[in-house]
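Coordinate analysis (summary)
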Amino acid sequence: AALDAAKEFYIGHARVADRSLMNVVFRCRAGEAMDQKLIAEATGAGLVGLAGHRAAGGMRASLYNAMPQEGAEILAGFLRDFARKHG
């Protein structure tokens, strides 16, 4: 929902009907430099491991196993704030 709310800033890799509940894969519309800025700021905020596939680029948030709901909410808040700050 955080990505969909900022669709002028983010692009999802999968169609809505094909989205994974475990892997949230996306990129910034502004391009690779903004993707790298997001990864750097996220890392600084304690959100690690968002760099996507080396060939596909972008970001991937894996929500497997012990990821609590709170972690997903923190990521969503970061994504909303990042889009407001840089959009």
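All of the points below concern the structure found in this document. (Residues numbered from 1 in each chain as written. Predicted model: local features only at pLDDT ≥ 70, side-chain atom pairs only at ≥ 80, totals over all residues. Heavy atoms only, no water.)

1. As for the side chain of Asp-35
So the rule is basically this: Only DSSP runs of H or I reaching four residues or more are called helices, and only runs of E reaching two or more are called strands; each is numbered from the N terminus. Type-normalised accessible area, obtained with a 1.4 Å probe on protein chains alone, sets the label of each residue: buried when under 20%, exposed when over 50%, and partly exposed for intermediate values. Two residue types count as positive, namely Lys and Arg, and two as negative, namely Asp and Glu; His and chain ends fall outside the count. Any Lys or Arg side-chain nitrogen located within 4 Å of an Asp or Glu carboxyl oxygen qualifies as a salt bridge. The definition of a polar contact used here is a pair of N or O atoms within 3.5 Å, where within protein one atom must be able to donate a hydrogen and the other to accept one, and adjacent residues in sequence count solely through side-chain atom pairs. Contact criterion: two residues are considered in contact whenever any of their non-hydrogen atoms come within 4.5 Å of each other.
In this structure, Asp-35 sits in helix H2 (residues 32–44). The charged side chain of Asp-35 is buried without a salt bridge, its nearest counter-charge being Arg-27 at 4.3 Å. Engagement of the side chain of Asp-35 in a polar contact is seen with the backbone nitrogen of Cys-28, the distance being 2.7 Å. When near neighbours in sequence (up to four residues on either side) are disregarded, Asp-35 contacts Arg-27, Cys-28, Gly-58 and Met-59.

2. Topic: the sheet that holds strand E3 (residues 51–53)
How we decide: Two strands make a pair as long as DSSP finds a minimum of two bridges between them. Every axis corresponds to a line fitted to the C-alpha atoms, with the helix fit spanning only the stretch in contact, and the corresponding angles, defined between N-to-C directions, vary from 0 to 180 degrees.
Sheet architecture is open: 4 strands sit in the order E1-E2-E4-E3, paired in antiparallel fashion. Looking at strand neighbours, the two that pair on one side only are strand E1 (10–12) and E3, the edges of this open sheet. Strand-to-strand twist across the sheet, computed as the mean angle between neighbouring axes with direction ignored, equals 50°. The sheet contact formed by E1 and strand E2 (residues 23–28) spans 3 bridges and is antiparallel. Residue Gly-12 lies in a different strand from E2, and its bridge partner there is Phe-26.

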